[in-house]
Amino acid sequence: MEPLTVEAVLTGRAEPLRGDEPSAIAKTEETGPVEIGVLGLIGDEQADLRVHGGPDKAVHHYPRDHYAFWESLSFMHPKLERPGAFGENVSTSGLTERAACIGDRYRLGTALVEISQGRQPCWKQGHVMDWPELVSLMVEHRRTGWYYRVIEPGRVAAGDMLALVDRPHPEWPVERVFALLVAGEGKADRESVGILAGLDVLAREWRAKAAKIAAR
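Residues numbered from 1 in each chain as written. Predicted model: local features only at pLDDT ≥ 70, side-chain atom pairs only at ≥ 80, totals over all residues. Heavy atoms only, no water.

Draft legend 1. Spatial organisation of the pairing of strand β12 (residues 146–152). In terms of burial, β12 is a largely internal element, 5 of the 7 residues being buried. Across 3 bridges, strand β8 (residues 59–63) lies against β12 in antiparallel orientation. Within β12, the position partnered with histidine 61 by the bridge is tryptophan 146. Of the pairings in the sheet, the one linking strand β11 (residues 111–118) to β12 comprises 6 bridges and is antiparallel in character. Paired with glutamine 117 across the strands is tyrosine 147, a residue of β12. (Buried < 20%, exposed > 50% of the residue type's maximum accessible area, 1.4 Å probe, protein only. Helix = DSSP H or I, 4+ residues; strand = E, 2+ residues; numbered from the N terminus. Pairing = 2+ DSSP bridges.)

In structure tokens:
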């Protein structure tokens, strides 16, 4: 895989989204370098730490490649004019869930990051876009993005490169793992799900999800 240009680096602050319920899904593009620590981009907040943040969900990457698809379904939604519509921290073109694999290691700017899991969209995505059906569409079309854990802290800015360093599990693209563990396909393939339950580089939460499905 050829290195990709980081088109945008984004951070957000927790703000009320629905009533008093806070969210940091609204992201703003950074104009200079941003430090990346083990818990993510410095200055980026997570409102609900029960389901967001932590080492396994430190950095959210959403492919800019998908924006044209969503525009075709939403009649050019204004939030799709710039990166950040999906709460992502990193935006690139040229890499999607079909190719990106669990355990992939990338040099992101000067940081080293590793794909830990796909993103499981929640109601907040549909709410911020005023598009209630969006979450189910993201699941249906497997266009959800993914999370990185940080192996080596560093810094990144728009214009830096995202370069693949290692791909130890090419058999586990994010799209396939998401389909098995979130989109319901695991019920018909418990053998694969059982393997995922023991895949060390998969996020702990998703390994537990895999174990639960395999045991049914």
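We are not done yet, so read on.
Draft legend 2. Quick look at a positive patch on the surface. On the surface, Lys187, Arg190, Lys212 and Arg216 cluster together into a positively charged patch. For arginine 216, the location among the structural elements is in the segment after α6 (204–215). Given a relative accessible area of 56%, arginine 216 falls into the exposed group. (Patch = residues over 30% accessible without salt bridge, like charges linked within 9 Å, V, L, I, M, F, W, Y side chains within 5 Å. Areas by Shrake-Rupley, 256 points an atom, 1.4 Å probe, with all protein chains shown as cover. Salt bridge = Lys/Arg side-chain N within 4 Å of Asp/Glu carboxyl O. Lys, Arg positive; Asp, Glu negative; His and termini not counted. Charge placed at Lys NZ, Arg CZ, Asp CG, Glu CD.)

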